[in-house]
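Chains, contacts and geometry: an overview
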Amino acid sequence: MAYAYDNQNIFAKILRGEIPNSTVLETEHCLAFRDIAPAAPDHILVIPKGAYVNFDHFGNEASDAELLDFSRTVARIARDTGAAPDAGGQGYRLIANTGRHGVQDVPHFHIHLIAGRQLGRMIQNENGEKS
Ligand code: AMP
């Protein structure tokens, strides 16, 4: 199975420095930056620097070092935003939209970390109704 990566996607351009971003944290293998249309007071996108389309691409093909760095980066941001429950925070949600049914807009793997307000229950259909 070959994954097709479009190197003109907006996150690829961010990684190349072609368009600006609001960086929260940069590590050897990851970049975390604020979502341009935040759904909550803290809405941070964590992306690998490698050219991965989605979670299964990343999970199947990334190196151990990339996988480890990604997990640690997400966890560190959960702590640094103050959202992590074990650090006294009120919690957060992680989302990895994937493909058409998952309503993925940007075809570079990313996790949304959303925090800072009470969220609703999880799944809505395309009309915004619970499904
Ligand atoms: P998804 O539907 O999971 O692919 O979400 C893509 C996310 O990228 C959306 O929440 C957008 O608001 C966000 N986004 C798009 N362009 C930018 C940008 N230039 N900087 C930061 N976030 C962006």
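Just above sits the structure.
Here we summarise the structure given alongside this text.

Cut-offs used in this document
- Residues numbered from 1 in each chain as written.
- Predicted model: local features only at pLDDT ≥ 70, side-chain atom pairs only at ≥ 80, totals over all residues.
- Heavy atoms only, no water.
- 1 Å grid on protein atoms, 1.4 Å probe; cavity = no way out; pocket = protein on both sides within 12 Å on 5 of 7 lines; lining within 4 Å.
- Points joined across faces, edges and corners; volume = space filled by probe spheres on them.
- Helix = DSSP H or I, 4+ residues; strand = E, 2+ residues; numbered from the N terminus.
- Nonpolar A, V, L, I, M, F, W, Y, C, P; charged D, E, K, R; others polar.
- Core = buried A, V, L, I, M, F, W, Y, C linked by side-chain atoms within 4.5 Å.
- Buried < 20%, exposed > 50% of the residue type's maximum accessible area, 1.4 Å probe, protein only.
- Contact = heavy atoms within 4.5 Å.
- Near = heavy atom within 4 Å.
- Polar contact = N/O pair within 3.5 Å; in protein donor to acceptor, adjacent residues only side chain to side chain.
- Areas by Shrake-Rupley, 256 points an atom, 1.4 Å probe, with all protein chains shown as cover.
- Sits in = over half its atoms within 2 Å of the grid points.
- Salt bridge = Lys/Arg side-chain N within 4 Å of Asp/Glu carboxyl O.

1. Things to note about the layout of surface pockets
The calculated volume of the largest pocket comes to roughly 1,100 Å³. Along the wall of the largest pocket there are 40 residues; nearest its centre are Asp35, His43, Asn97, Val103 and His112. When contributions to the lining of the largest pocket are tallied by element, the ones reaching two or more residues are helix 1 (10-15), strand 2 (30-34), strand 3 (42-48), strand 4 (92-95) and strand 5 (111-115). The leading source of residues in the lining of the largest pocket is helix 1, at three residues. For the lining of the largest pocket, the per-class residue count stands at 18 nonpolar, 15 polar and seven charged. Approximately 170 Å³ is the volume found for the second largest pocket. For the lining of the second largest pocket, the elements supplying multiple residues, two or more each, are strand 4 and strand 5. Of the residues in the lining of the second largest pocket, the class split is four nonpolar, four polar and two charged.

2. Focus on the nonpolar core
Among the nonpolar cores identified, the biggest contains 18 residues, and Ala32, Val46, Phe58, Phe70, Ile77, Phe109 and Leu113 are the most heavily contacted of them. Among the elements of the structure, strand 2, strand 3, helix 3 (64-80) and strand 5 are those that each provide at least two residues to this core. Here the element with the most residues in this core is helix 3; it accounts for four residues. In this structure valine 46 touches Leu31, Ala32, Phe70, Thr73, Val74, Ile77, Phe109, His110 and Ile111, once residues within four positions along its chain are discounted. Leu31, Phe33, Leu45 and Ile47 belong to the second largest nonpolar core, which has seven residues in total.

3. Focus on the site of the ligand
Inspection of the region around the ligand gives 15 residues, with Asp35, Asp105, Val106, His110 and His112 positioned closest. A distance of 2.7 Å separates an oxygen atom of the ligand from a polar backbone atom of aspartate 105. In the complex, the protein chains occlude 84% of the 510 Å² of accessible area that the ligand would expose alone. Given that more than half its atoms are within 2 Å of the pocket grid, the ligand belongs to the largest pocket. Taken together, the elements giving at least two residues each to the shell around the ligand come down to helix 1 and strand 2. Considering only residue class, the shell around the ligand consists of eight nonpolar, four polar and three charged.

4. Brief notes about the pattern of salt bridges
Taken as a whole and assessed by the stated rule, the structure comprises five salt bridges. The partner of arginine 16 in a salt bridge is glutamate 18, with the nearest N and O atoms 2.7 Å apart. Two residues, aspartate 80 and arginine 76, come together in a salt bridge whose shortest N-O distance is 3.6 Å. You can see aspartate 80 and its partner arginine 76 sitting in helix 3, four residues apart, about one turn around the helix. For arginine 76, a relative accessible area of 38% gives the class partly exposed. When salt bridges that share partners are traced, they join Arg76, Arg79 and Asp80 into one network.

These values are about where atoms sit, not about what they do.
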